[in-house]
Amino acid sequence: MAVLDILTYPNERLREVSEEVDHFSDPELQLYIDDLIETMHAGPACVGVAAPQTGNPIRLLIMDCSLARKPPEGNHGQLVVFNPVIIKWSGMDVAREGCLSLPDYTGNVMRAVDVTVQFQDRHGEEQVVTMTDFEARVIQHEMDHLEGKLFTDRIVSRKADLFRRKVRSPKKRKPDPNSPAKNTDQQPSPS
Ligand SMILES: [Zn+2]
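Read on for a plain summary of the structure. What you see is a predicted model, and the numbers here were worked out from it, not measured in a lab. (Residues numbered from 1 in each chain as written. Predicted model: local features only at pLDDT ≥ 70, side-chain atom pairs only at ≥ 80, totals over all residues. Heavy atoms only, no water.)

With that settled, consider the overall build of the protein. Helix and strand counts for the protein stand at 3 helices and 6 strands. For the protein, the accessible area works out to roughly 9,600 Å², and carbon and sulfur atoms hold 52% of it. (Helix = DSSP H or I, 4+ residues; strand = E, 2+ residues; numbered from the N terminus. Areas by Shrake-Rupley, 256 points an atom, 1.4 Å probe, with all protein chains shown as cover.)

Residues lying three or four places apart along an α-helix face the same way, a consequence of the helix completing one turn every 3.6 residues. With 16 residues, helix α1 (residues 27-42) ought to run about 22 Å at 1.5 Å a step, and its terminal C-alpha atoms sit 23 Å apart, in line with that. Among the residues of α1, L29, Q30, Y32, I33, D35, L36, I37, T39 and M40 are the ones counted as buried. (Expected span 1.5 Å × (residues − 1). Buried < 20%, exposed > 50% of the residue type's maximum accessible area, 1.4 Å probe, protein only.)

Once that is clear, we can look at the pairing of strand β3 (residues 78-98). Two elements, strand β2 (residues 60-64) and β3, share 5 bridges in a ladder whose sense is antiparallel. Note on β3: the bridge partner recorded for L60 is F82. Bridge count for β3 against strand β4 (residues 105-120) is 13 bridges, and the pairing is antiparallel. Note that in β4 the partner of E97 across the bridge is G107. As consecutive antiparallel partners, β3 and β4 are separated by 6 residues. (Pairing = 2+ DSSP bridges.)

Scope: geometric values only; no functional claims are made or implied.
Quick look at the structure:
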């Protein structure tokens with residue numbers, strides 16, 4: 001298993017639309033899933049990562065909201081998500097997000113509050129999962145990566161809603177549990 005390199009903005013490969021996956025029994029693919037999980041665990045307070053962020057434009061994302069400093073109640077833990085489709089959604093709210101591929105910025109992003117997602121798991125089995133709030137936000141953020149979209153594409157006003165991360169001196173750094181800016185696939189704060 002290996003920790004994979006993460007592409008950062010403005011790398012054009014982050015703009016690619018990813019391909020559907022259907023070869024689930026491929027041992028290479030199964031090893032790659034484990035590397036992606038390892039990569040997620042390597043990021044402090046990181047709760048998700050999408051394959052295109054590692055330069056692999058396939059419709060795969062990994063997420064695990066139980067890794068958040070304050071795990072949202074009723075979260076589904078680690079999910080390996082292939083070819084996801086949102087089949088139902090409701091509500092909209094704004095919260096702060098960050099992204100491993102945009103390490104210097106966070107932003108206020110409008111997303112659906114509740115989503116029901118149909119996808120295939122690592123064995124190609126059909127799954128349907130309903131998520132809410134933080135977990136719903138994480139999967140929407142990761143699914144955007146499969147479309148070549150970054151959270152900055154969803155920001156209404158760059159002036160009002162885009163924030164440069166403050167570089168804190170190491171000794172002053174105090175983890176700030178679960179701040180909305182803390183992470184979709186983000187590094188601590190969070191990607
Ligand atoms: Zn991201």
